[in-house]
Amino acid sequence: MSVAFVGIGALAVGALVVGAGDGGAAGSDAEQDDGLAVTVDCDDETNVLVYENQYAEPVDVTLNWTTDQTPLSVQSDVSTQLHAESTVESTAAGTEDTSVQSLTTGVPANESVTLVGLPDDSYELSASADAVDPALNQSEVTLECGTDANSETQIVATTEDEPLEDGT
């Protein structure tokens, strides 16, 4: 087995803004709890994932998923880091290529961050912070809005709560 690692960092672009919707709309999956609340919703067949940090400390949330997807790009006004790890395994039938994507997003203290544009898939979540052991209300989410992975997926991460604007 051979392993190759690729890391990509993405940080701040200015004019892209995203709204999380009204949060209480039908079809949303939210469990409010002390700590770090994760909400999943669909907005015009686009997956919306919201992290609400109820801690007085910033928290990093990491999404992990296995995919055969081609390039991802991230536009963000918060700290983000995209990481891809590929493994190739030899089997009797040939070789099997697996890619694990990770997207780590910094969520400021007492704020929310919205991720828009993730393709339909199942995602594992984990959280870390310097001063607290953050509790997530969900450790796995499944996004199912009909958003297919295409040749390049654009993910937007922002603390803003206005509707999406294209900035042009």
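Residues numbered from 1 in each chain as written. Predicted model: local features only at pLDDT ≥ 70, side-chain atom pairs only at ≥ 80, totals over all residues. Heavy atoms only, no water.

J.: So what about the overall build of the protein chain? Which residues, and what values?
T.: Summing up its helical and strand segments, the protein chain has zero helices and twelve strands in all. When the helices and strands of the protein chain are placed in sequence order, the string is β-β-β-β-β-β-β-β-β-β-β-β. When each of the 168 residues of the protein chain is scored for burial, the buried share is 38%. Restricting to contacts in the protein chain with at least 6 residues of sequence separation, those with at least 24 account for 72%. Accessible surface for the protein chain amounts to roughly 9100 Å². Of this, 45% is attributable to carbon and sulfur atoms. (Helix = DSSP H or I, 4+ residues; strand = E, 2+ residues; numbered from the N terminus. Buried < 20%, exposed > 50% of the residue type's maximum accessible area, 1.4 Å probe, protein only. Contact = heavy atoms within 4.5 Å. Areas by Shrake-Rupley, 256 points an atom, 1.4 Å probe, with all protein chains shown as cover.)

J.: Tell me what's going on with the pairing of strand β9 (residues 112-116), and back it up with residues and numbers.
T.: Counting buried residues in β9 gives four out of five residues, a clear majority hidden from the surface. Here β9 pairs with strand β12 (residues 153-158) via three bridges, running antiparallel. When the bridges of β12 are listed, T114 appears paired with T158. (Pairing = 2+ DSSP bridges.)

J.: Lay out the pairing of strand β10 (residues 121-128) in plain terms, naming residues and giving numbers.
T.: Of the pairings in the sheet, the one linking strand β5 (residues 59-67) to β10 comprises five bridges and is antiparallel in character. Bridge assignment links V61 to a residue of β10, and that residue is A127. Pairing of β10 with strand β11 (residues 140-143) involves four bridges; the strand directions are antiparallel. When the bridges of β11 are listed, D121 appears paired with L143.

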